[in-house]
Amino acid sequence: MSVHDLSAAARPNAPTTTYRYDEFDADFVRERVAEFREQVRRRLEGSLTEDEFRPFRLMNGLYLQLHAYMLRVAIPYGTLTARQMRCLADIADRWDRGYGHFTTRQNLQYNWPKLIDTPDILDALADVEMHAIQTSGNCIRNVTADHFAGVAADEIEDPRATAEFLRQWSSLHPEFSFLPRKFKIAVTGATHDRAAILAHDIGLRILKNDAGDIGYQVMVGGGLGRSPFIGKIIRDFLPRADLLAYLEAIMRVYNRYGRRDNKYKARIKILVHEKGIEAIRDAVEKEFASMDRSVFSHDPEEFTRIAAYFAPPPYESLPAVSATLRAARNDNPALDNFVAVNVSPHREPGYAIVTVSLKPIGGIPGDATSAQMRTLADASERFGFGELRVSHEQNIILPHVKQDDLPALWRILDAAGLATANAGLISDIISCPGLDYCSLATARSIPIAQEISKRFSDMSRQRRIGKLGVKISGCINACGHHHIGAIGILGLEKKGQESYQITLGGDPTFSAAIGEIVGPGVGAEQVPDVIEHLVDFYLAEREEKETFIDTWRRVGHARFKDALRREGEDGAYI
Amino acid sequence: MAAFKNPQILLASDLRDGEVMFLGASGWERDHRRARVALDAAAAAELEKIGHAEYASNHVVDVYLTDVEIEPDGVPTPLHYREKMRIKGPSVRRDLGKQATGA
């Protein structure tokens, strides 16, 4: 399939700047659906047992959860076209319950599909060049990337070309289809990390060296879950030509030495922790030096071909600042707040990046109705070259909006319940589905997010508090990234009750840190009070322009912990 | 075998649609109020035996026993909050799951 037609991209309903399947991709995905259809048929007729079938369904993203099956759809590096978003909405209506849940892996989950319908759903996805392959199992999962890729003002290079390159390399790689555990890779090309790359098995940071060559700083052994670790640098600068070979060497070392006897110790982070980064680096470099690198030799033409799919759309030549927007902001305080909070600088003059929050006050983080999905698809076509992004923060990004169009876009979003001006604020909470849906969960997480959101429903108060990442997981697997939340909340079971452990000081950026536990767990009803006390203490202590995490670092964990103690009561909040 | 402490019912998921099912007096039920209750270890073992056979026959998956208490009206209610969730549906979407149909 040819590269998208840039001249067409300026039109409404235009194709967008994303990778398009070639003939091989299309055939392969169709064959995979047909294969799964046959496997489902054999399962339903009884010729496959559940033990035999389970690996097949998981390879196609189909889990069994508390109330129903769950299908996880891959959204490579979080980039979607309007057509794809519309298809996701149609699937939600036709085969699910009219909504979808966007995840911290930039994917989408349906919570109610029937096994018998799943092959049809996968065929519908294939119609728009999507699938659910490698969204489960001990393989290399969906490669994630900065959701501002290609448009961020602080970017060295669009990371999606690298992410797509890695997606093609890792898809159904025979050596890596049965790894000791799942494996996650993230890429950023910016000077600020919006992709939490240090919390990944491999994190790649695109850099330019003194000679002006593009390469990668390679981090390995990061990860959350039961044993959280921040990734460690294994290579300061890896030339692009060596990317695949070097990652292959890392994977081989992991495959060879990673533990398979204990799934809780099987991630590469444990290997790096136990052996030490120096030993792992030596092993990887040795493998890299001795392997036949010719089969992984970099093909600049192929990389260029892939990169061309992510070429910028045909922007108009515009003044850097929109007078239209300025006037509209003066007239409309709600629009003004939305622009101040949810709109980020774009590398192109006169354009803006819009974060559409999927965190309405009291809502379910990451959920979008089919109608909202269609609104977003329509809006992206009308205002943004038909392109959308899913952020790991469970929001939707419209990456190419003219500043002049922001008032009109805001009106559409507002009418659809999508104009909550809280991006990055305390109610922009990351939350896994928790025990409301997930069979692994030990406690609910969504209701905790909802109660905190309601407690801080005053938007002016939220803005006064400023940037504050609250992240909630319903079990130790940490899908809600609680370890790297400035305030992290982990739901556990304690004496037959849901209990919540609070951590402080987590950081998902280049200054990554794992949060520290404040004390014993608290009951669900106490969590909003605890958060409010912590926030009040921060507001009392903060110095000019300090964020919550800045203040926590300056005054120390112990003082935040002390702030939770109350005189005259039975002990303390915690 | 673990000591029998509380009455038990047998849960599973329907193979075709994944919905939670309860073994009743004459087959699988979608309403826990119609679940057959084991009041002693022998009865629980019998439920498990039927469950294993149903699993082997590819009607259901994820079969297990759970402790319940018997309400004054005779309805068995799971003791653990996880299974309390399963008999209703997501607590954050009362319009979905069994609770939406009055279960």
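Just so you know, these numbers come straight off a predicted model, no measurement behind them.

Conventions and cut-offs
- Residues numbered from 1 in each chain as written.
- Chains lettered and ligands numbered in written order.
- Predicted model: local features only at pLDDT ≥ 70, side-chain atom pairs only at ≥ 80, totals over all residues.
- Helix = DSSP H or I, 4+ residues; strand = E, 2+ residues; numbered from the N terminus.
- Rg over C-alpha atoms; globule rule 2.2 N^0.38 Å.
- Buried ≥ 20, exposed ≤ 12 C-beta atoms within 10 Å, placed from the backbone.
- Contact = placed C-beta atoms within 7 Å.
- Axes fitted to C-alpha atoms, helices over the stretch in contact; angles between N-to-C directions.
- Parallel < 35°, antiparallel > 145°, perpendicular 65-115°, else oblique.
- Left-handed = near helix turned anticlockwise from the far one by under 90°.
- Nonpolar A, V, L, I, M, F, W, Y, C, P; charged D, E, K, R; others polar.
- Core = buried A, V, L, I, M, F, W, Y, C linked by C-beta atoms within 7 Å.
- Domains from an automatic or database assignment.

Trainee: Can you walk me through the overall build of chain B in this structure?
Mentor: Each helix and strand counted, chain B has 2 helices and 5 strands in total. Ordered by position from the N terminus, the helices and strands of chain B form the series β-β-β-α-β-β-α. In summary, chain B has a C-alpha radius of gyration of 13 Å against a globular reference of 13 Å for 103 residues, a match within 12%. With the principal axes as the frame, chain B shows a C-alpha extent of 40 × 35 × 25 Å. Across the 103 residues in chain B, those meeting the buried criterion constitute 32%. Across chain B, contacts joining residues at least 24 apart in sequence account for 49% of those joining residues at least 6 apart.

Trainee: Got a minute to help me understand the packing of helix 6 (residues 243-257) of chain A against helix 8 (residues 277-290) of chain A in this structure?
Mentor: Residues and elements named next belong to chain A. Relative to each other, helix 6 and helix 8 sit at 120°, their axes nearing to 8 Å. Compared by their axis directions, helix 6 and helix 8 come out oblique. As helix 6 packs across helix 8, the resulting crossing turns out to be right-handed. Judged by residue contacts, A245, Y246, A249, I250, R252 and V253 of helix 6 engage I280, A283, V284, E287 and F288 from helix 8. When grouped by side-chain class, the residues that make up the contact of helix 6 with helix 8 number 9 nonpolar, no polar and 2 charged.

Trainee: Help me understand the interface of chain B and chain A in this model?
Mentor: Accessible area lost during the coming together of the parts is what is often quoted as the interface size. In this assembly, 21 residues from chain B lie in contact with 22 residues from chain A. Elements with a contribution of two residues or more to the side of chain B that touches chain A: strand 4 (60-70) and helix 2 (81-86) of chain B. When residues in the side of chain B that touches chain A are grouped by element, the largest group, 4 residues, is from helix 2 of chain B. For the side of chain B that touches chain A, the class distribution of residues is 8 nonpolar, 7 polar and 6 charged.

Trainee: Whenever I open this one, the environment of K561(A) confuses me. Can you help?
Mentor: Residues and elements named next belong to chain A. Along the chain, the position of K561 falls in helix 18 (residues 557-563). Here K561 falls in the partly exposed class, since 19 other C-beta atoms lie within 10 Å of it. K561 sits 541 residues away from R20 along the chain, and the two C-alpha atoms are 51 Å apart. Apart from residues lying up to four places away in sequence, K561 is in contact with V518 and G519.

Trainee: So what exactly am I meant to see when it comes to the nonpolar core here?
Mentor: In summary, soluble globular proteins display a tendency toward joint burial of nonpolar side chains. Residue and element names in this part refer to chain A. In terms of nonpolar packing, the biggest core is built from 181 residues, with M85, V220, I250, V354 and I487 touching the most fellow members. Per-element tally for this core: the top contributor is helix 6, with 9 residues. Residues within four places of V220 in sequence aside, it is in contact with D201, I202, G231, K232, I234, I250, I268, V272 and I280.

Trainee: Looking at this structure, how should I read the domain arrangement of chain A?
Mentor: Residue and element names in this part refer to chain A. With domains assigned, chain A is organised as domain 1 (8-127), domain 2 (159-308), domain 3 (323-415) and domain 4 (430-563). The distance between the C-alpha centroids of domain 1 and domain 3 comes to 27 Å. The partner domain 3 presents 22 residues to the 29 residues of domain 1 that form the contact. Those elements giving two or more residues to the side of domain 1 that touches domain 3 turn out to be strand 3 (79-81), helix 3 (82-95) and strand 4 (99-102). Broken down by element, the residue count for the side of domain 1 that touches domain 3 peaks at 7 residues, all from helix 3. A breakdown of the residues in the side of domain 1 that touches domain 3 according to their chemical character gives 13 nonpolar, 13 polar and 3 charged.

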